[in-house]
Amino acid sequence: MSKTIFITGASKGFGRIWAEAFLKRGDKVAATARNTETLKDLTAQYPDTLLTIQLDVNDRAASFAAIEQTNQHFGSVDVVINNAGYGLFGAIEETSEKEARDQIETNVFGLLWVTQAAIPVMRAQGGGHIIQVSSVLGVATLPVLGLYNASKWAVEGLSETLASEVKDFGIKVTIVEPNGFSTDWGGASASHSEPIALYDGIKEALYAGLTPDTIGDPQATPDAILKVVDEENPPLRIFLGKVGFPWLNQVYADRLATWEEWKEVADAAHGGQVTA
């Protein structure tokens, strides 16, 4: 049975690669982008199963209209993949108000508007699957990506909450957490704050650690996404790439050790009688 897949940010990177993978196997795809001209070749190749929609996810009304257009055109919206977003590079001190607001607006509110639009459609049809593209940086952090980290931590909290709220409607939620991949995310699609020289050393250390072995190949990701979409009981969270699990395994070990070390202080702050 083919499915109807709605993907934001489909002009390039993961969105483009995944849209093409779904089309190749016979699914119907609504691909949104700020500039749909980049999807002309796919439209020519898949005229009956590809619907392109110009969309800026920051526009809440347009996001609702895009979901409704997809439902009217294909008769269902089985899977929504919230992929639109970008990275803001800059230390916290370097980040301007506009840069900070724009980052949260797109990565958090843009995802929220599409999610809100999809829920009633999926509820009415008896189910669906919402896939939120987060990041390993939604679970741990790296320096000079503070606002991006914050946006993905927000996506994590929003989406975990969402999963508990919509499961009785038959709607599944999966949070996809890629490590670094060789997409335009860190290149042409990225935004950079005005630098302060005091942070040059931190940036140099960060970039020195991004060796070729730590950067994944985006062309290797479709099989994982197809498997998640086809799974009857998909995971709430899944890493993409081999970096996330060993890194986060150590991060959580360190967190647990710190919480354990400070447990008595924390318990005493509760007040009343403390039991062991």
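Residues numbered from 1 in each chain as written. Predicted model: local features only at pLDDT ≥ 70, side-chain atom pairs only at ≥ 80, totals over all residues. Heavy atoms only, no water.

## Here's the deal with the packing of aromatic side chains
Scanning the model with the defined rule gives three aromatic pairs in all. With 4.9 Å between their ring centres and 10° between their planes, Phe 14 and Trp 18 make a pair best called stacked. In this pair, Phe 14 and Trp 18 are both assigned in helix α1 (residues 13–24), four residues apart and thus about one turn of the helix distant. In terms of burial, Phe 14 and Trp 18 fall into one category: buried. (Phe/Tyr/Trp six-rings, centres within 6.5 Å; stacked < 30°, edge-to-face > 60°. Helix = DSSP H or I, 4+ residues; strand = E, 2+ residues; numbered from the N terminus. Buried < 20%, exposed > 50% of the residue type's maximum accessible area, 1.4 Å probe, protein only.)

## Focus on the packing of helix α4 (residues 97–125) against helix α5 (residues 146–166)
Between α4 and α5, whose axes approach to 9 Å, the crossing angle comes to 15°. Taken together, the axes of α4 and α5 are roughly parallel relative to one another. Between α4 and α5 lies a crossing of right-handed hand. Listed contacts from α5 to Ala 100, Gln 103, Ile 104, Asn 107, Val 108, Leu 111, Leu 112, Thr 115 and Ile 119 of α4 are Leu 147, Tyr 148, Ser 151, Lys 152, Ala 154, Val 155, Leu 158, Leu 162 and Val 166. Grouping the amino acids of the contact of α4 with α5 by side-chain chemistry returns 13 nonpolar, four polar and one charged. (Axes fitted to C-alpha atoms, helices over the stretch in contact; angles between N-to-C directions. Parallel < 35°, antiparallel > 145°, perpendicular 65-115°, else oblique. Left-handed = near helix turned anticlockwise from the far one by under 90°. Contact = heavy atoms within 4.5 Å. Nonpolar A, V, L, I, M, F, W, Y, C, P; charged D, E, K, R; others polar.)

## Quick word on the sheet that holds strand β9 (residues 237–240)
With parallel pairing, the seven strands of this open sheet are ordered in space as β3-β2-β1-β4-β6-β7-β9. The outermost strands of the open sheet, each flanked by one partner alone, are β3 (50–54) and β9. The mean angle between the axes of side-by-side strands here comes to 20°, regardless of whether they run parallel or antiparallel. The pairing of strand β1 (residues 4–7) with strand β2 (residues 28–33) spans four bridges and is classified as parallel. Bridged to Phe 6 within β2 is Ala 30. α1 rests against β1, β2, β3, β4 (79–82), β6 (128–133), β7 (171–178) and β9 of the sheet, and its axis sits at about 170° to β1. Each of β6, β7 and β9 touches α5; the most contacted strand, β7, lies at about 160° to it. (Pairing = 2+ DSSP bridges.)

## Overview of the nonpolar core
Across soluble globular proteins, nonpolar side chains show a tendency to be buried alongside one another. Ranked by size, the top nonpolar core spans 27 residues in total, and within it Ile 7, Trp 18, Phe 22, Val 29, Ile 81 and Ile 225 carry the most contacts. Taken together, the elements giving at least two residues each to this core come down to β1, α1, β2, β4, β6 and α7 (222–230). Examining the composition of this core, we find that six residues originate from one element, α1, more than from any other. If we skip the residues at most four places from it in the chain, Trp 18 touches Ile 7, Ile 81, Asn 83, Val 133, Thr 221, Pro 222, Ile 225 and Leu 240. One finds Ile 53, Leu 55, Ala 66 and Met 122 within the second-largest nonpolar core, a separate group that totals 23 residues. (Core = buried A, V, L, I, M, F, W, Y, C linked by side-chain atoms within 4.5 Å.)

## Quick notes on the pairing of β3
Across five bridges, β2 lies against β3 in parallel orientation. When the sheet's bridge partners are listed, Ala 30 is paired in β3 with Leu 51. Taken together, β2, helix α2 (residues 40–45) and β3 form a β-α-β motif whose crossover is right-handed. (Right-handed = clockwise from strand over helix to strand, strands pointing away.)

## Topic: the pairing of β7
Within β7, seven of the eight residues are buried, leaving the element largely enclosed by the surrounding structure. Summarising the sheet, β6 and β7 pair through six bridges and their orientation is parallel. Among the inter-strand pairings, Ile 131 is bridged to a residue of β7, identified as Thr 174. Running through α5, the crossover from β6 to the neighbouring parallel element β7 is right-handed. Here β7 runs beside β9; their pairing, made up of four bridges, is parallel. Residue pairing for β9: Ile 175 is matched across the bridge by Arg 237.

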